[in-house]
Amino acid sequence: MNLKIEETDERYLVTLEGNMDSPAVLETEELIEPVYKGDKDVVIDCSHLNYIASSGLRVLLSIRQGTGANGKSVVIRGLNDEIKNVFKMTGFINLFTLVD
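Quick caveat, the model's predicted, so the values are computed rather than measured.

*Asks:* Any details on the packing of aromatic side chains? Residues and values, ideally.
*Replies:* Using the criterion set out here, one finds three aromatic pairs in the structure. With centroids separated by 5.9 Å and ring planes inclined at 75°, the aromatic side chains of Phe 87 and Phe 92 adopt a geometry described as edge-to-face. With respect to burial, Phe 87 and Phe 92 carry one shared label: buried. A centroid spacing of 6.0 Å and a plane angle of 25° characterise the contact between Phe 92 and Phe 96, whose relative ring orientation is stacked. This pair shows no difference in class: Phe 92 is buried, exactly as Phe 96 is. Members of the aromatic cluster, connected to one another through ring pairs, are Phe 87, Phe 92 and Phe 96. Note that Lys 40 overlies the ring of Tyr 12, its terminal NZ or CZ placed 5.3 Å from the centroid.

The following block contains the structure:
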């Protein structure tokens, strides 16, 4: 999986590409730690994400919890139909703002 984090004064843009499986999550958790702190709004671009495992969902939930605690928002954009179905089945669709 490829991970890219861009930071501006107002937000983080996190771009996820490939498969967010357990080995990929272990590699990227440290890199994504600044986003966990929740001091800015977060946009997560999943337009090139092919797969997400439960460990990947946990990372997204951690980002949401950190940002929400500080009154910031998380927007997820570009989910493909398969991952959107995972969000529906797990109830994550109700936890995040999703945009196409």
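*Asks:* Residues and numbers for the pattern of salt bridges, please.
*Replies:* For the coordinates displayed, the defined rule picks out five salt bridges. Residue Glu 6 is joined to Lys 4 by a salt bridge in which the shortest nitrogen-to-oxygen separation is 3.6 Å.

*Asks:* Go over the nonpolar core with me, naming the residues and quoting the values.
*Replies:* Core analysis: the largest hydrophobic core is formed by 23 residues, its most contacted members being Val 42, Ile 44, Ile 63, Ile 76 and Phe 87. Every element with two or more residues in this core is listed here: strand E2 (11-20), strand E3 (41-52), helix H3 (54-69), strand E4 (74-77) and helix H4 (81-90). Broken down by element, the residue count for this core peaks at five residues, all from E3. Residues in contact with Phe 87, not counting those within four places in the same chain, are Leu 57, Leu 60, Ile 76, Leu 79, Phe 92, Ile 93, Phe 96 and Leu 98.

*Asks:* Outline the pairing of E4, supporting the account with residue identities and numerical values.
*Replies:* For a regular strand, side chains alternate in direction, first toward one face of the sheet and then toward the other. What you see with E4 is a clean split: Val 74 and Ile 76 sit on the buried side and Val 75 and Arg 77 on the side with no burial. As paired strands, E3 and E4 are joined by four bridges and run parallel to one another. Note that in E4 the partner of Ile 44 across the bridge is Ile 76. Note on the crossover from E3 through H3 to E4: the handedness is right-handed. The sheet contact formed by E4 and strand E5 (residues 97-99) spans three bridges and is parallel. If you follow Ile 76 over to E5, its bridge partner there is Leu 98. Chirality of the crossover, the property in question, places the unit of E4, H4 and E5 among those that are right-handed.

The rules behind the values
- Residues numbered from 1 in each chain as written.
- Predicted model: local features only at pLDDT ≥ 70, side-chain atom pairs only at ≥ 80, totals over all residues.
- Heavy atoms only, no water.
- Phe/Tyr/Trp six-rings, centres within 6.5 Å; stacked < 30°, edge-to-face > 60°.
- Buried < 20%, exposed > 50% of the residue type's maximum accessible area, 1.4 Å probe, protein only.
- Lys NZ or Arg CZ within 6 Å of the ring centre and 35° of its normal.
- Salt bridge = Lys/Arg side-chain N within 4 Å of Asp/Glu carboxyl O.
- Core = buried A, V, L, I, M, F, W, Y, C linked by side-chain atoms within 4.5 Å.
- Helix = DSSP H or I, 4+ residues; strand = E, 2+ residues; numbered from the N terminus.
- Contact = heavy atoms within 4.5 Å.
- Pairing = 2+ DSSP bridges.
- Right-handed = clockwise from strand over helix to strand, strands pointing away.

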